[in-house]
Every structure is written in structure tokens, then in C-alpha cells.
Amino acid sequence: MKKIVLTLAIGFAFVACNNDDDTTPTPVVNTDVNFTFTQNWDGADIQNSDYETTEYTNANGEVLTLSKLVYLISDITFTNAAGETFDAGDYNLIDARTGSNASFTPNIEIPEGEYTVSFTYGFDDEDNIDLAYNDLNSSDGSWSVPGPLGGGYHYMRLEGKYVNTADVETAFQFHNVRANRHSSLPPGPTTLVELQDTSIEVNLGTVDITTGTSIEIQMNVAEWFKNPNTWDLNVLFTVLMPNFDAQIMMNENGQNVFSRGAVTVTP
Amino acid sequence: MKPKGHILLLLIAICVASCNTDSVTIEPEEGYVPTPLTLEVPQLFEERLLPPVIPEDNPMTEEGVALGKKLFFDPALSLDGSQACADCHRPENAFSDPRQFSVGIDGSVGTRNSMPLQNLAFNFTEKFFWDGRAISLEEQIFEPVTNPIEMNNTWPNVENTLQEIEGYPLMFERAFGSSTIDSVNVSKAISQFLRTLISGNAKIDRFLLGQEELSPSEANGLAVFLDEGRGDCFHCHGLPANPLWTDNAFHNNGLDEIITDRGLGGVSGDPREFGLFKSGSLRNIEFTGPYMHDGRFATLEEVIDHYSEGLVFSETIDPLMKKVAEGGVQLSEEDKADLKAFLLTFSDLEFINNPDFQN
């Protein structure tokens, strides 16, 4: 995992060397940065009370309710104008329904200043190491992906119910993982022929970071079903984990799911 | 404490107990501390899971575990001295009850099947009982003792009873520094014993450690278990990355069209949680029947048939229950048999027969 950490000591070292003029050097102030995670359906906030109760209509016209939304983000990265990057290399598993881990502070302090802020939705292949994270192995039953599907970890579990074309309320399991192609299905110990990293790098734009900064990361859940692939739940509602093409489509639709929300500073 | 001190204290205790049972008070020896005990965590747990949950106010000690074991097997906790915890949590059944419903001291019958007691220290969500109403193991201990359809006792009565039984004041003193018995220390001691009930040496464990092979039938059963399109058992019952083989979470698994037992929802009051019950661990499942929260299925075949073709819809059914309109995923007979063979690899005879867990 990329870890380029500019330490406070280096900052002070530069300040200490640059003492030719008469002005008092401005001390480098380091700070951590908080992130909050919110979810909406095309702008309408999704709260705990909306799960299993509020009906949403996706781009294909299916009426659905949400039961579960848990997702993983990793490698929140700050890049300054000089191209230096700061990345704690940690991760956060958000349970949107319960609000668990809806607030997260990466384990790194950075000098105050302007940064381009980015993160990875899911784990990229460098981090998506089978069995590597005991907390994730212990979370949500297990956040892991079965070995026959390539192992590693889920990116997201989005579950709920929709009304199908036969007017029957039907469960869907929109589970996003690293795309895995099989020589034949059902998957087994010898069927896996290809893995493709389908995590998503998300750029949140430029943010002026000062002490007490908190950045909201919004997820528009409707986007998973919308663009560029109009998702037909009647076809793609279950057994999506070993469906290589479905995982690629999730990756494509996921490109515009996340956006930066409010940036606040608490003194 | 030096051995000499042990003997002296014991003699004094016996002498005092035999002469005057009305007011036995044994003061802790100055500087005495119980002996810390480290749980023996199986290799797979160590490598893949978070550490066991040990409350700061109830550290594991040898004396606490010994006391907890004695209490667990002692019918003195019940009102009429006829029933111990172990009567409904039997070691040979992975500390569950082979009866559909356990029977209380006065013949009352419950409505839920007795849960197995194993790997409780690894319940990271710390919600206990089928409906999650206890939020710690210590809290869980309090209920069966006073439940009218179980032991039907009162805590003051339990405390007085134990106080008068030779040996207990000394054991409490050695475990908790006070010979005055109170309910909190009773719950702490039993919790300590329960945390030692760790099952991690079944065939599935040895397979995952590369020490033993699965048979072709068992291997196919594992494939069914991990296949979203067939068993999809892993989303609730874990997978090799999670050797607990349960998510310790709550689900409506399609048992009833009309919910009569509200489960988790009965505790939370949230209608969205009506009919949700904790996923049982698959460990030692061979010994923990009957199955489901109400023990409605006597055999593993019935359980597998339920998920294959017996699911019924209700409002809160979990989206992980697939093809509900068709009754389930329609496993082939071969896959059913192989799935059962795989489930039998969870039998841990070392756990079932561990002398440390017997009376």
C-alpha cells in the first residue's frame, strides 16, 4: 500500500533551514481530517427509517425497497499542489442502515493546506488480500469473498426487495466484488479463469484542509442502477458475485455514485 | 499466596463453616490476587479473527473459571435445588438441549430451543439469546436463574443458598476477593467458565490448516455452501475466513408466513425486526439438534429441505432467502447429501469430550 508520509519533523527541518530573512517562519500545523458518509436516492436522504419502508423507483422502472447497505472504502489520499501524496493506507466499512462507521478519521496527520482528496471504493488489488484483515473477517458474518470466487473482500452488499414483472415481491442481492470469470458455473475450486480489479478510484476535488475539517462523502444509491447501464433487476437480481459481466457493469455504473458533500470546519 | 497460606485458610474456613454457618466471612489475604488465565485460542481463530471479548471488569482467572464451572453444574441455583444450567445446556450436545423445549423446575415448558454454548467469547456483536436481548454474557447469566419457567429462583435466595454451602465462600473469596456472595460475582464466574468453551478442532479446521482432506462428497458440500446460486450459506454462516461459522446476526429465514414469535423485534419494538432470530453456529451441528429457534426441525435433512424448498414469505424475510416464491433454491438430492456431509465436518469431539467441560 502506498504510504508517502511527510512527517512533522521534515516540516520543521525546512522551516529551521529557511531563516535568512527577518520574518518569523510560520510553523507547520498538522491536522487529521474527518470524513462522514451519507447516502441518498437522487438527492433524497436515506435514513435508517427509510430501510424496508420507503419505495424507490430505479431507472428501469422497478419499485424497490432497501434492506441492507454496507460498503468498504480504502486509501483516502491527499495530494498537494507539488504532487506529494499523504495516505494512511487504512480502510473503513460503513453500515449505512445502522450508521456504524459513518464517521471516519484516517490515521494520519497532514500539514494544513490545499489538497486534492481521493479514495478507493472497495479494495484495489494491492489491498484485496485474502484473509488479510481480521476485523473484516469478523465483520458482518464475514466481509470476505469465497475462495472459488477469487477470495479477498466484498466491496458492497446492497440488498432489498423489488416488485418483478410478475408483480411478485422478490429479493435482490446487489453484491459488488472483484470481477471473477469462470470456465463454467456453478463456481468451484477449479473454475476460476480471470480476476479483474473493479474497485473505483474516486476524486473528490480540491479541499482546503485546516484543523477541524470534516468532509462528507455522499453515495447516490440510484446511480448504481442508472448510468451508463440501465440496470434491469428482473434479469440481474441474484447470484451476481460470480457474474463477471454484472461486476463490470457495477464498476461502470459506480463511476458517478460518489460525490463530495459539505466541507465543514469545527474550531 | 504460598501453599502454606492455602492450607491454613482452608482449615480456618472449614472450621468456621462447621461451627457457625450463620455468619461466615473470610477476609482476603493481604496482597492476594487471583491467577490470571489466558484463553487457549485455536490457531485459525488467532490467524483470522479479532481477539476474544474479555470485559475489563471481569478478567479471566483460574479461580473464576473453576468457580464458574462449579456453579454451572450446581442445581443449587434453582429454587428447589433440582436444576443446574447444565441440565438444559448439556456438554454432549455442545451445551444445548436435545429436547425441543427445555423444561423448568415446575414442569413449565419454554417456547424456544436451548442455544448451544460455544465460542461465546468471539461473539463480537455481544448480543446473546435468540433475540439478542442480553448485551453481554454477564447480563445473559442473570435471566435463566429468575425466569419463572426455568430455575424460578430469586437472586437474594441464590446468594443466601450459596453462602451457606461449604466451600463456596472460600471459592468466591479466591476468585473475587470477597467471601460475601453476590449475584454479580455469580454471573462473572459463570461467564468466565463459558468463555473457556471454545470449539476449534473439527475436521473443517484441520482441513483449513492443511492437516486433513475432505472427502469428495464433503468437498462438493463446501462448494454448495459457498455458491450463491445453490446453498449461499456463507452470507449468514461464515466461510473459511470466519471460522466461527455464524455471523451472530439476526435474520428472518422464511420459516412462517405469520410471525407469532417476534424475536429481535420483540426486544426492539421495531416491526422491521419481527421474526428475526440469531444465526446459529454450524459448529457441532451434529450434536445441537433440534434446529431453529423453536426447535421445529429434528434433523439436518429437514433443515436443508427448508432452505431448498420450504421457504415461505413474510414481510421481514431476509433478502438472502432466494427464490422464495418457489420455496427455495431447489437443491439436487446429491447436493443435499453432500451439504449434509460437509456440515458433519463441524463435529469437534475434542470439545464435546473435553474433561475440563464436564462435571
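Note that residues are indexed from 1 along each chain, following the sequence as it is written. Whichever chain is written first is A, and whichever ligand is written first is 1; the rest continue in order. Local features in a predicted model are, by the rule used here, given only for residues with pLDDT of at least 70; side-chain atom pairs are given and counted only at 80 or more, and totals for whole chains, interfaces and linings are based on all residues.

### Overview of the overall build of chain A
Then comes step 1: Per the secondary structure count, chain A includes three helices and 17 strands.
Then comes step 2: Summarising its shape, the C-alpha atoms of chain A cover approximately 80 × 45 × 30 Å along the three principal directions.
Then comes step 3: For chain A, buried positions account for 40% of its 267 residues.
Then comes step 4: Restricting to contacts in chain A with at least 6 residues of sequence separation, those with at least 24 account for 71%. Numbering of helices and strands starts at the N terminus; helices are DSSP runs of H or I of at least 4 residues and strands are runs of E of at least 2. Partly exposed residues are those whose C-beta has more than 12 but fewer than 20 other C-beta atoms within 10 Å; with 20 or more the residue is buried, with 12 or fewer it is exposed, and the C-beta atoms are placed from the backbone. C-beta atoms are first placed from the backbone for all residues, and any pair lying within 7 Å is then listed as a contact.

### Side note on the overall build of chain B
Then comes step 1: Tallying secondary structure elements over chain B gives 15 helices and two strands in all.
Then comes step 2: Dimensions of chain B, computed from C-alpha atoms along their principal axes, come out at roughly 70 × 45 × 30 Å.
Then comes step 3: Counting all 359 residues of chain B, 48% fall into the buried class.
Then comes step 4: For chain B, long-range pairs separated by at least 24 residues make up 68% of all intrachain contacts whose partners lie at least 6 apart in sequence.

### Some remarks on the confidence of the model for chain B
All names here are of chain B.
Then comes step 1: Residues at a pLDDT of 70 or more form 92% of chain B, whose mean pLDDT is 93.
Then comes step 2: Summary of the metric used: pLDDT quantifies the predictor's per-residue confidence within the range 0 to 100. Scored below 50 in pLDDT, residues 1–24 shows 16 contacts in the model against residues more than four places distant or in partner chains.
Then comes step 3: Prediction confidence for the complex, expressed as pTM and ipTM, is 0.90 and 0.89 respectively.

### Overview of the interface of chain A and chain B
Then comes step 1: Counting residues at the interface gives 28 residues for chain A, matched by 27 residues for chain B.
Then comes step 2: Secondary structure elements with two or more residues in the side of chain A that touches chain B: α2 (134–137), β11 (156–163) and β12 (169–176) of chain A.
Then comes step 3: Each residue is assigned to one of three groups, with Ala, Val, Leu, Ile, Met, Phe, Trp, Tyr, Cys and Pro labelled nonpolar, Asp, Glu, Lys and Arg labelled charged, and all others, Gly among them, labelled polar. Within the side of chain A that touches chain B, the residues separate by chemical class into 11 nonpolar, 12 polar and five charged.

### Some details on the packing of helix α3 (residues 62–72) of chain B against helix α7 (residues 168–176) of chain B
Helices that pack against each other are described as a pair by the angle of their axes relative to one another and the distance between those axes.
Residue and element names in this part refer to chain B.
Then comes step 1: α7 packs onto α3 with a crossing angle of 145° between their chain directions and a minimal axis gap of 8 Å. Crossing of α3 over α7 shows left-handed handedness. The segment α3 lies against α7, with E63, G64, L67 and K70 engaging M171, F172, R174 and A175.
Then comes step 2: Its residues assigned to classes, the contact of α3 with α7 shows four nonpolar, one polar and three charged. Orientation is described by axes fitted as lines to C-alpha atoms, over the contacting stretch for helices, and by angles from 0 to 180 degrees between their N-to-C directions. Rotating anticlockwise by less than a right angle from the far helix to the near helix defines a left-handed crossing, while the corresponding clockwise rotation defines a right-handed one.

### Overview of the confidence of the model for chain A
Then comes step 1: The pLDDT averaged across chain A works out to 92; a share of 91% of its residues lies at or above 70.
Then comes step 2: Residue range residues 1–20 of chain A is modelled with pLDDT below 50. Its contacts to residues more than four positions away, or to other chains, number 28 contacts.

### Side note on the packing of helix α5 (residues 137–146) of chain B against helix α8 (residues 183–195) of chain B
All names here are of chain B.
Then comes step 1: It is at 8 Å that the axes of α5 and α8 come closest, and there the two elements cross at 115°. Judged by the inter-axis angle, α5 sits roughly perpendicular to α8. In this structure, α5 crosses over α8, and the sense of that crossing is right-handed. Judged by residue contacts, L137, E138, I141 and F142 of α5 engage S183, S187, K188, I190, S191 and L194 from α8.
Then comes step 2: Across the contact of α5 with α8, the residue classes break down as five nonpolar, three polar and two charged. Throughout this description, any angle smaller than 35 degrees is read as roughly parallel, any larger than 145 degrees as roughly antiparallel, any in the 65 to 115 degree range as roughly perpendicular, and the remainder as oblique.

### Some words on the nonpolar core
Then comes step 1: The biggest cluster of nonpolar side chains holds 139 residues, and the ones touching the most others in it are A:Y71, A:L72, B:I190 and B:F225.
Then comes step 2: When residues in this core are grouped by element, the largest group, nine residues, is from strand β5 (residues 63–79) of chain A.
Then comes step 3: Residues within four places of A:Y71 in sequence aside, it is in contact with A:I94, A:Y155 and A:M156. Buried Ala, Val, Leu, Ile, Met, Phe, Trp, Tyr and Cys residues whose C-beta atoms connect them within 7 Å together make up a nonpolar core.

### What to know about the environment of A:L66
Residue and element names in this part refer to chain A.
Then comes step 1: Topologically, L66 is positioned in strand β5.
Then comes step 2: On the basis of neighbour counts, which here come to 25 C-beta atoms within 10 Å, the residue L66 falls in the buried class.
Then comes step 3: With 93 residues separating them along the chain, L66 and E159 place their C-alpha atoms 6.1 Å apart.
Then comes step 4: Excluding residues within four positions of it along the chain, L66 makes contact with Y51 and G160.

### Brief notes about helix α14 (residues 333–343) of chain B
Then comes step 1: Regarding α14(B), the residues found buried are B:D335, B:K336, B:D338, B:L339, B:F342 and B:L343.
Then comes step 2: Tucked inside the fold, the buried residues of α14(B) contact α10 (216–226) and α13 (300–310) of chain B.

### Brief notes about the environment of A:I110
Then comes step 1: Position of A:I110 among the secondary structure elements: in strand β9 (residues 110–111).
Then comes step 2: For the pair A:I110 and A:D95, spaced 15 residues apart in sequence, the C-alpha to C-alpha distance is 27 Å.

### With respect to the environment of B:D232
Residue and element names in this part refer to chain B.
Then comes step 1: Residue placement: D232 occurs in the loop between α10 and α11 (234–237).
Then comes step 2: Here the alpha-carbon distance between D232 and E309, two residues 77 residues apart in the chain, equals 14 Å.
Then comes step 3: Residues in contact with D232, not counting those within four places in the same chain, are D227, L320 and K322.

### With respect to unusual backbone geometry
Then comes step 1: The residue after A:N227, namely A:P228, is reached through a cis peptide bond having omega 5°.
Then comes step 2: Relative to the assigned elements, A:P228 resides in the loop between β16 (213–220) and α3 (244–253).
Then comes step 3: Look at the link from B:G289 to B:P290: it is a cis peptide, with omega at 0°.
Then comes step 4: Mapping B:P290 onto the fold places it in the loop between β2 (277–278) and α13.
Then comes step 5: A positive phi angle, close to 60°, is found at A:N101, a residue other than glycine.
Then comes step 6: Mapped onto the fold, A:N101 is located in the loop between β7 (91–95) and β8 (103–104).
Then comes step 7: Given 16 C-beta atoms within a 10 Å radius, A:N101 is considered partly exposed.

### Let's talk about α5(B)
Residues separated by three or four positions in an α-helix point in the same direction, a consequence of the helix having 3.6 residues per turn.
All names here are of chain B.
Then comes step 1: Along α5, the residues classified as buried are L137, E138, Q140, I141, P144 and V145. Considered in projection along α5, the buried side chains sweep an arc of 155° and stay on one side of the axis.
Then comes step 2: Looking at the buried residues of α5, the elements they touch are α4 (85–88), α6 (155–164) and α8. It is the directions from the helix axis to the C-beta atoms that the arc portrays.

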